[in-house]
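Structure assessment
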Amino acid sequence: MNMPDSVLLVEDEAHIRLMFRKVFELMGIPDIREAKNGLEACNMYGADPTDVVMMDINMPEMNGLDAMERILKADPEATVVMLTSLSTRNAVDTSLKAGATYFIRKDTPITEMQATLTEVFERVFATS
């Protein structure tokens, strides 16, 4: 199975970070880092990049789209999966056009989320 070794989870809500941490632990990802906003994420990624960035769109300090743009400018090969509770067609299109690898709703059932992320990671890391 082609799984990332490290994930930077960027989410301002602690209970959502906890849920995703559990999902990543179940998937066997050993290195799970957390940031509470886009600015913190940019600083963390810049200091020590991870294989995947899971990025919320709406956050204080710096939103996820701006943070993703900054990360991708510094590292065009970065894998960024956007997270949101508002999956309007516009939000999805904007995220994907800006360079997101994938887009996932936070309220996706855990088993479905795990299966979807496994498929995404298999595809992204198949050539690694």
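A short tour of the structure in this document, coming up. The model shown is predicted, which means the values in this text are computed figures rather than measured ones.

1. Points about the packing of helix H1 (residues 14-26) against helix H5 (residues 110-125)
One can describe the packing of H1 onto H5 by two numbers: an axis separation of 10 Å at closest approach and a directional angle of 55°. Of the possible angle classes, the one that applies to H1 and H5 is oblique. Handedness of the crossing formed by H1 with H5: right-handed. Contact residues: H1 offers Met19, Phe20, Val23, Phe24 and Leu26, while H5 offers Ile110, Met113, Gln114 and Leu117. Here the residues of the contact of H1 with H5 sort into eight nonpolar, one polar and no charged.

2. Description of the pairing of strand S3 (residues 52-56)
Counting buried positions over the five residues of S3 gives five, a clear majority of the element. Alternating residues of S3 divide into Val52, Met54 and Asp56 and Val53 and Met55, and every residue in both groups is buried. For strand S1 (residues 6-10) and S3, the ladder comprises four bridges, and the chain directions are parallel. When the sheet's bridge partners are listed, Val10 is paired in S3 with Met55. Pairing between S3 and strand S4 (residues 79-84): five bridges, direction parallel. Each bridged residue has a counterpart across the sheet, and for Met54 the counterpart in S4 is Val81.

Cut-off values and rules
Residues numbered from 1 in each chain as written. Predicted model: local features only at pLDDT ≥ 70, side-chain atom pairs only at ≥ 80, totals over all residues. Heavy atoms only, no water. Axes fitted to C-alpha atoms, helices over the stretch in contact; angles between N-to-C directions. Helix = DSSP H or I, 4+ residues; strand = E, 2+ residues; numbered from the N terminus. Parallel < 35°, antiparallel > 145°, perpendicular 65-115°, else oblique. Left-handed = near helix turned anticlockwise from the far one by under 90°. Contact = heavy atoms within 4.5 Å. Nonpolar A, V, L, I, M, F, W, Y, C, P; charged D, E, K, R; others polar. Buried < 20%, exposed > 50% of the residue type's maximum accessible area, 1.4 Å probe, protein only. Pairing = 2+ DSSP bridges.

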